[in-house]
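Observations on the three-dimensional arrangement
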Amino acid sequence: MSEPNPVEWVLVAELPELARRKRKQVVVGDTPIALFLVNGRVFALHDVCVHKQRSLSKGTVLHGRIICPGHQWSFDPATGEAADQVECQPTYAVRVAEDKIYVNPRARAGGADAGATPYTTTAAG
Ligand code: FES
């Protein structure tokens, strides 16, 4: 795969760094973004929880969902939808090329369509 268009895609991390802890905070411009490696797929969500502004990147991954460290809301990593809540965490499109993780810093609308094309990697984890 060729390198993604640098106007739309920002290099934020290397896949091996994310593979170690499965989560990582990166900052694009002024926007903190939480990267997660869930079942071999890389996802990006806004790092500031829509509930009470805790850092999602300090949370955990449990049964394929992101668990906020604040009050344990459970987010779908692809859509940002929170279980049993109306709030939705903004998500970002992700691409991985040659072990480099790129994020498109334009937040996607939340909801069922947001995660339609998540990147799939073969990295262990
Ligand atoms: S701050 Fe995230 S669930 Fe409350």
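Residues numbered from 1 in each chain as written. Predicted model: local features only at pLDDT ≥ 70, side-chain atom pairs only at ≥ 80, totals over all residues.

Going by what an unreviewed UniProt entry lists, the chain is known as Rieske (2Fe-2S) protein and is assigned to Micromonospora coerulea.

**A look at the sheet that holds strand 9 (residues 94-97)**
The strand order across the open sheet formed by three strands is 1-10-9, and the pairing between neighbours is antiparallel. Strands with a single pairing partner mark the edges of an open sheet, and in this sheet they are strand 1 (10-14) and strand 9. The sheet shows a mean angle of 30° between the axes of neighbouring strands, taken without regard to direction. Bridge analysis of strand 9 against strand 10 (residues 100-103) gives four bridges, and the strand direction is antiparallel. Residue V94 lies in a different strand from strand 10, and its bridge partner there is V103. (Pairing = 2+ DSSP bridges. Helix = DSSP H or I, 4+ residues; strand = E, 2+ residues; numbered from the N terminus. Axes fitted to C-alpha atoms, helices over the stretch in contact; angles between N-to-C directions.)

**Details of the pairing of strand 2 (residues 23-28)**
Summarising the sheet, strand 2 and strand 3 (residues 31-38) pair through six bridges and their orientation is antiparallel. Within strand 3, the position partnered with Q25 by the bridge is A34. Taking the residues that link successive antiparallel strands as the turn, the strand 2-strand 3 hairpin has two residues, and the phi of G29 there is positive, at about 65°.

**Quick word on the sheet that holds strand 6 (residues 65-67)**
Strand order in the open sheet formed by three strands is 5-6-7, with antiparallel pairing between adjacent strands. Each of the sheet's edge strands pairs with one partner strand only, and the pair in question is strand 5 (60-62) and strand 7 (74-75). Pairing between strand 6 and strand 7: two bridges, direction antiparallel. What sits directly across from I67, in strand 7, is S74.

**Digging into unusual backbone geometry**
At H63, a residue that is not glycine, the phi angle is positive and equals roughly 50°. Positionally, H63 belongs in the loop between strand 5 and strand 6. The exposure class of H63 is exposed, given the 8 C-beta atoms found within 10 Å. Not every positive phi belongs to a glycine, and E98 is a case in point at roughly 50°. Along the polypeptide, E98 turns up in the loop between strand 9 and strand 10. The exposure class assigned to E98 is exposed, which follows from the 9 C-beta atoms found within 10 Å. (Buried ≥ 20, exposed ≤ 12 C-beta atoms within 10 Å, placed from the backbone.)

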